[in-house]
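# Report on the structure
Now for the letters of each chain:
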Amino acid sequence: IRDRIRVVHLTVPDSLLQQFPGPRFGQTGLRRLVAVDSRPLLCTALKPMGLGAADLAGLAHQIALGGVDIIKEDHGLTDQPFARFSERVARCAKAIDRANRQTGYRCLYVPNITAPADQLLGRAYEAKRRGAGGVMVAPGLAGWDALRLLAADEQFGLPILSHPAMLGTLVLGADQGLSHEVVFGQLPRLAGADATIFVNFGGRFPFSQQDCRGIVRGAMDPLGSYPSIFPVPAGGMTLAHLPELYRFYGSQVIFLIAGGLYAAGPDLAASAAQFRQQVENLSGNSEV
């Protein structure tokens, strides 16, 4: 172990890039799935912990009616007795599909499949069978190679969101460890994620604007033939933060507002619709 050595950027030769699948969808593919050409995409999380599968599905239906593009599960949802994975995924997928048929939107349901190594692939395929539009994996818990294995599976073929749980300690030292660009930008992209979730500046975590700029570079700068992936700033964001977020990130981003959306008012569908309308107003376009 040596002090004062920090990995700030990976320069990866094509010979090594060819050993990794890279993102299957990237920004362009995800936009195609949700039928949104240019504005930022919208995301929220199903929460809080402790709700049963039926209640979570009810929330999912309301959020989808409001027009949020991606409804992922909270990272703490796994296979707890109060919301078993199989029942939860089946109910939430049906609820979002029903909302999509009502509205004409193409909201994606993204369950958390992070699990022990011998269960992760099975959960991924079960999620697909039950109607999920993508999956979320926390490589800090499941391992980077679990994400790579899933991205490389031709038969699976759904987009993957990378969650940052348990990765934060890698970037804490200013003169040691790895940079934010590497951990939350380049590594998820190498492993095959189509979007990378990270904690935004100005929220409840100590990431700076410079750190977040680095993550965007890692997600979007040229990297062999890999497509750009979506940066997904999150963590304590509210609807009031949207103008600042848009000024900083522009349109090539997914805005993830979770607890802040639930706190915006008692009518969750109306809050979701407000989220969508605010982003459309900021970006100057309206897309169905």
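Here's a quick rundown of the structure.

What counts as what
- Residues numbered from 1 in each chain as written.
- Predicted model: local features only at pLDDT ≥ 70, side-chain atom pairs only at ≥ 80, totals over all residues.
- Heavy atoms only, no water.
- Pairing = 2+ DSSP bridges.
- Helix = DSSP H or I, 4+ residues; strand = E, 2+ residues; numbered from the N terminus.
- Axes fitted to C-alpha atoms, helices over the stretch in contact; angles between N-to-C directions.
- Buried < 20%, exposed > 50% of the residue type's maximum accessible area, 1.4 Å probe, protein only.
- Right-handed = clockwise from strand over helix to strand, strands pointing away.
- Contact = heavy atoms within 4.5 Å.
- Core = buried A, V, L, I, M, F, W, Y, C linked by side-chain atoms within 4.5 Å.
- Salt bridge = Lys/Arg side-chain N within 4 Å of Asp/Glu carboxyl O.
- Arc of directions from axis to C-beta.
- Polar contact = N/O pair within 3.5 Å; in protein donor to acceptor, adjacent residues only side chain to side chain.

Before going further, it helps to spend a moment on the sheet that holds strand β9 (residues 230-234). Within a sheet, each strand pairs with its neighbour through backbone hydrogen bonds, oriented either parallel or antiparallel. Judged by pairing direction, the sheet is parallel, and its four strands sit side by side in the order β5-β6-β8-β9 without closing on themselves. Edge strands, defined here as strands with exactly one partner in the open sheet, are β5 (135-137) and β9. Strand-to-strand twist across the sheet, computed as the mean angle between neighbouring axes with direction ignored, equals 25°. Note that β5 and strand β6 (residues 160-162) share three bridges and pair parallel.

Once that is clear, we can look at the pairing of strand β3 (residues 70-73). By the alternation rule, side chains of β3 split into Ile70 and Lys72 and Ile71 and Glu73, which are all buried. Two elements, strand β2 (residues 41-46) and β3, share four bridges in a ladder whose sense is parallel. Counted as the bridge partner of Leu46 is Glu73 from β3. Summarising the sheet, β3 and strand β4 (residues 108-110) pair through three bridges and their orientation is parallel. Residue pairing for β4: Lys72 is matched across the bridge by Val110. Assessed by its sense of winding, the connection that carries the chain from β3 through helix α4 (residues 85-103) to β4 is right-handed.

Taking strand neighbours across the sheet as the criterion, the four strands line up as β4-β3-β2-β10 in an open arrangement whose pairing is parallel. Each edge of the sheet is formed by a strand with only one pairing partner; in this case those strands are β4 and β10 (254-256). For this sheet, the mean inter-axis angle between neighbouring strands, taken without regard to orientation, is 25°. Contacts from helix α2 (residues 26-34) reach β2, β4 and β10 within the one sheet, and its direction differs from that of β4 by about 120°. Contacts between helix α12 (residues 268-283) and the sheet are confined to β2 and β10, with β2 contributing the most and set at about 155° to the helix.

Further remarks concern the nonpolar core. Membership of the largest hydrophobic core comes to 62 residues, with the highest contact counts inside it found for Leu46, Ile113, Leu150, Tyr249 and Phe275. Ranked by residue count, the leading element in this core is α4, at seven residues. Every residue in contact with Ile113, bar those within four places of it in the chain, is listed here: Phe85, Leu120, Arg123, Ala124, Ala127, Val135, Met136, Val137 and Leu150.

Moving on to the pattern of salt bridges. If charged atoms from side chains of opposite charge come close, those side chains can pair. Tallied over the entire structure, the rule returns 13 salt bridges. For Arg217, the salt bridge identified is with Glu181, shortest N-O distance 3.5 Å. Taken as a pair, Arg217 in helix α9 (residues 209-220) and Glu181 in helix α8 (residues 180-191) lie far apart in primary sequence, 36 residues in all. Residue Arg217 is classed as partly exposed on the basis of its relative accessible area of 39%. Among the ionic contacts, a cluster of salt bridges with common partners joins Arg39, Asp69, Arg276 and Glu280.

A word on α2. Among the residues of α2, those classed as buried are Gly26, Gln27, Gly29, Leu30, Arg31 and Val34. Here the buried face of α2 lies against β2, β4, β8 (195-199), α9, β9 and β10. Of the residues trailing α2, Ala35 is marked for its positive phi of about 60°.

Okay, helix α7 (residues 144-152) next. Since there are 3.6 residues in each turn of an α-helix, residues three or four apart along the chain are aligned in direction. Turning to α7, its buried residues are Ala146, Leu147, Leu150 and Ala151. In a view along the axis of α7, the buried residues occupy a sector of 130°, so they form one face of it. Contacts made by the buried residues of α7 are with α5 (117-129), β5, α6 (139-142), β6 and α8.

A separate point is unusual backbone geometry. Look at the link from Lys47 to Pro48: it is a cis peptide, with omega at 5°. Structurally, Pro48 is set in the loop between β2 and α3 (53-65). Positive phi, close to 60°, is recorded for Ala35, a residue that is not glycine. Relative to the helices and strands, Ala35 resides in the loop between α2 and β2.

With respect to the secondary-structure elements, Arg88 resides in helix α4. At 2.8 Å, the side chain of Arg88 and the backbone oxygen of Ala83 are in polar contact. Those residues in contact with Arg88 that lie beyond four places of it in its chain are Ala53, Leu56, Glu73, Leu77, Thr78, Ala83, Tyr109 and Asn112.

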